[in-house]
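Okay, here's what each chain looks like letter by letter:
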Amino acid sequence: MFCIDNRCTDVYFNLAAEEYLLKKKKDNFFMMWQSVPSVVIGKHQSVRKEVDEKYIHENNILLARRFSGGGAVYHDEGNLNLSFMETVERPDFEYYLQQTVDFLESLGIVAYTDKRMGIYVDDRKVSGSAQCIHKNRVMYHCTLLYSANLQALDAALCGRSDGEDLLPSSRVLRAVPSVRSAVANISEYLLPAVPLKRFARLLFHFFFEGGDNRVYRFTPEDLAAIGQLKAEKYACGEWIYDRVALAPA
């Protein structure tokens, strides 16, 4: 597996990188990344139903839509994101979920999962995940709240109860609602506490050292293709607000 320690914090670039690695590559990849403060909604969600647009505009929080389904999540510099893109015969998303739980338990944190593939500690959610399949390729990605601004998270992920129920550009398909949960930062459960950078290094090495893995760095060709996908799709209002308009195969 190729392992990418992606230091770019541009949420639109990072979402484009996920789709590029899923659709244009054949190798297996693990990518760790972060974003500036952002709300990322699932492919099949309504912006108005999920997001307090006035709050995110006033607080310089970006809005993005990802390629996978699932619920809305909040990103900032206190949140780590893990993405796995692999070629498999039979998808086993619980395998990736369990690997993340195993990492937390290696640090002495007792964690458990639920049927929606979230990860919890003391009845509070510390990780949410989403998945998708493209031909014989699968993507599993999840968030890990480490030292995120939980007040901003709660405020940003507070859409209008009278928001649209249908998917953008659809008169029949209903938007998928998020399931709200009490959340916590992983840093609360680490004794002694460690800085985020140290936690990120431990996380990256946990997956890097788990097999015959190699570090991968984006080539100029990769960067050009990802940049084009970002410009033509992920950073476009048509995709964010009206995802059917720019949804390629």
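First things first, this report covers the structure right here in the doc. (Residues numbered from 1 in each chain as written. Predicted model: local features only at pLDDT ≥ 70, side-chain atom pairs only at ≥ 80, totals over all residues. Heavy atoms only, no water.)

### Topic: the overall build of the protein chain
Across its full length, the protein chain holds 8 helices and 12 strands. Within the protein chain, the fraction of its 249 residues that count as buried is 50%. Of the contacts formed within the protein chain by residues at least 6 apart in sequence, a portion of 75% connects residues at least 24 apart. A total of about 12300 Å² of accessible surface is found on the protein chain, and carbon and sulfur atoms cover 51% of it. (Helix = DSSP H or I, 4+ residues; strand = E, 2+ residues; numbered from the N terminus. Buried < 20%, exposed > 50% of the residue type's maximum accessible area, 1.4 Å probe, protein only. Contact = heavy atoms within 4.5 Å. Areas by Shrake-Rupley, 256 points an atom, 1.4 Å probe, with all protein chains shown as cover.)

### Observations concerning the side chain of serine 35
On the secondary structure map, serine 35 appears in the loop between β2 (29–33) and β3 (38–41). Taking the relative accessible area as the measure of exposure, serine 35 reaches 0% and is therefore buried.

### Quick word on the side chain of arginine 137
With respect to the helices, strands and loops of the structure, arginine 137 is situated in strand β11 (residues 137–145). Although arginine 137 is buried, it makes no salt bridge; aspartate 27 carries the closest opposite charge, 7.1 Å away. Within the structure, arginine 137 has its side chain in polar contact with the backbone oxygen of leucine 22 (distance 3.0 Å). For arginine 137, the contacting residues outside a window of four places in its chain are Leu21, Leu22, Lys25, Lys26, Asp27, Asn28, Phe29, Met85, Glu86, Thr87 and Cys132. (Lys, Arg positive; Asp, Glu negative; His and termini not counted. Salt bridge = Lys/Arg side-chain N within 4 Å of Asp/Glu carboxyl O. Polar contact = N/O pair within 3.5 Å; in protein donor to acceptor, adjacent residues only side chain to side chain.)

### Details of the environment of alanine 148
Note on placement: alanine 148 falls in the loop between β11 and α5 (150–156). We classify alanine 148 as buried; its relative accessible area is 6%. Separated by 69 residues in the primary sequence, alanine 148 and asparagine 79 place their C-alpha atoms 5.6 Å from one another. Apart from residues lying up to four places away in sequence, alanine 148 is in contact with Asp76, Gly78 and Asn185.

### Considering the sheet that holds strand β12 (residues 214–215)
Spatial ordering of the open sheet is given by β10-β11-β6-β2-β1-β12, a layout of 6 strands whose pairing is mixed. Edge strands, defined here as strands with exactly one partner in the open sheet, are β10 (129–134) and β12. Running over the sheet, helix α1 (residues 11–24) touches β1 (2–5), β2, β6 (79–87), β10 and β11 and is turned about 180 degrees from β2. Strand contacts of helix α6 (residues 196–208): β1, β2, β6, β11 and β12, with the helix running at about 15 degrees to β6, the strand carrying the most contacts. (Pairing = 2+ DSSP bridges. Axes fitted to C-alpha atoms, helices over the stretch in contact; angles between N-to-C directions.)

### Remarks on the nonpolar core
One finds Leu21, Val39, Leu63, Tyr74, Phe218 and Tyr234 to be the most contacted residues of the largest nonpolar core, which totals 45 residues. For this core, the element with the highest residue contribution is α1, accounting for 9 residues. Among all residues touching tyrosine 234, those that are not within four sequence positions of it are Tyr12, Leu15, Ala16, Glu19, Arg65, Arg66, Phe67, Leu229, Trp239 and Ile240. Core analysis: the next-biggest nonpolar cluster, separate from the first, contains 32 residues, Leu82, Ile109, Leu144 and Leu196 among them. (Core = buried A, V, L, I, M, F, W, Y, C linked by side-chain atoms within 4.5 Å.)

### Focus: α1
Since the α-helix packs 3.6 residues into each turn, any two residues three or four apart lie on the same face. Spanning 14 residues, α1 covers 19 Å between terminal C-alpha atoms, matching the ideal 20 Å at 1.5 Å per step. The N-capping residue of α1, defined by a side-chain oxygen 2.9 Å from the backbone nitrogen of tyrosine 12, is aspartate 10. (Expected span 1.5 Å × (residues − 1).)

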